Each structure stands twice: as C-alpha cells, then as structure tokens.
Amino acid sequence: MVIATGALAAAGAVPAAAAIPAPSGTESFVGCASLTSNANGRAQVKNICSHTINATVSVDWSWDPSCKSIGAGRSATFTWDSTKGRAEYAYEC
C-alpha cells in the first residue's frame, strides 16, 4: 500500500478522497457523500454509494456539524446556526 501511494504521488495522481470542492452552486462531494440541498443553517447529504458511510458538511474552517451514519442511497439532514452560512461541501469522516 505504501508503494502504491508513493507511486500515485510521484505520478501526480490525487486519490478521490482528496478531491477539491466544486464551486458554489454546484453539487459538491468527496467520496460517497453528496451535498444535495444547501441553505443557511441546513444541508442535506446523500450517500451515493452502496455501503453505509459516516459523513458531515464543511461549514467553515473552525467547526463542522457532527458526523452521522448514512445508509446506502439514503440522506441525512445537518443543521447549525444559520448565521454561520451555507455548507461548502459534504465529506466522509
């Protein structure tokens, strides 16, 4: 595994889990967690894979809502203080 990871790094390849978030207003996700609904203080994340994941959303650099378990094909809603704005992207944790 270490050799494979080193080979990816040497080739300039980036694993899917390190994907950069998409620009605001588009569906953005990392791994199996897909941000499907987004408003100030509330977001919905869908698990787009065929296995259970733990996921959350990125709200700002210092705080994110707690991770939740989301079954295959299911969604979970995350809430926070609406003054902190909208989620930037969803990610697995």
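A quick note: this is a predicted structure, and the numbers were derived from the prediction, not measured. (Residues numbered from 1 in each chain as written. Predicted model: local features only at pLDDT ≥ 70, side-chain atom pairs only at ≥ 80, totals over all residues. Heavy atoms only, no water.)

Could you give me a rundown of the overall build of the protein, with the residues and numbers involved?
Check the secondary structure of the protein and you find one helix and seven strands. Listed by position from the N terminus, the elements making up the protein come as α-β-β-β-β-β-β-β. In the protein, which comprises 93 residues, the proportion classed as buried is 26%. Pairs at least 24 residues apart make up 51% of the contacts formed inside the protein by residues separated by at least 6 positions. Of the roughly 5800 Å² that the protein leaves accessible, carbon and sulfur atoms contribute 56%. (Helix = DSSP H or I, 4+ residues; strand = E, 2+ residues; numbered from the N terminus. Buried < 20%, exposed > 50% of the residue type's maximum accessible area, 1.4 Å probe, protein only. Contact = heavy atoms within 4.5 Å. Areas by Shrake-Rupley, 256 points an atom, 1.4 Å probe, with all protein chains shown as cover.)

For the packing of aromatic side chains, give the residues involved together with the corresponding values.
With the rule as written, the count across this model stands at one aromatic pair. Ring geometry for tyrosine 89 and tyrosine 91: centres 5.9 Å apart, planes at 50°, overall tilted. (Phe/Tyr/Trp six-rings, centres within 6.5 Å; stacked < 30°, edge-to-face > 60°.)

Explain the pairing of strand S2 (residues 33–39) to me, using residue names and the numbers behind them.
Strand direction decides the pairing type here: S2 and strand S3 (residues 42–47), joined by six bridges, are antiparallel. Along S3, the bridge assignment pairs serine 37 with glutamine 44. Where S2 folds back on S3, the antiparallel hairpin that results is connected by two residues, among which glycine 41 adopts a positive phi of roughly 80°. (Pairing = 2+ DSSP bridges.)

Hey, could you go over the state of the cysteines for me, with residue numbers and the actual values?
Scanning the entire structure with this criterion turns up two disulfides. Through a disulfide, cysteine 32 is tied to cysteine 49; the S-S separation comes to 1.9 Å. Measuring the twist about the S-S bond at about -85°, one finds the cysteine 32-cysteine 49 disulfide to be left-handed. Separated by 17 residues along the polypeptide, cysteine 32 in the loop between strand S1 (29–30) and S2 and cysteine 49 in the loop between S3 and strand S4 (53–58) bring together distant segments of the chain. Residue classification places cysteine 32 among the buried positions, given a relative accessible area of 7%. Judged by its relative accessible area of 23%, cysteine 49 is partly exposed. Paired by a disulfide, cysteine 67 and cysteine 93 hold their sulfur atoms 1.8 Å apart. (Disulfide = S-S within 2.5 Å.)

Describe the confidence of the model for the protein, and please don't skip the residues or the numbers.
Residues at a pLDDT of 70 or more form 68% of the protein, whose mean pLDDT is 78. Scored below 50 in pLDDT, residues 1–26 shows eight contacts in the model against residues more than four places distant or in partner chains. (pLDDT = per-residue confidence, 0-100.)

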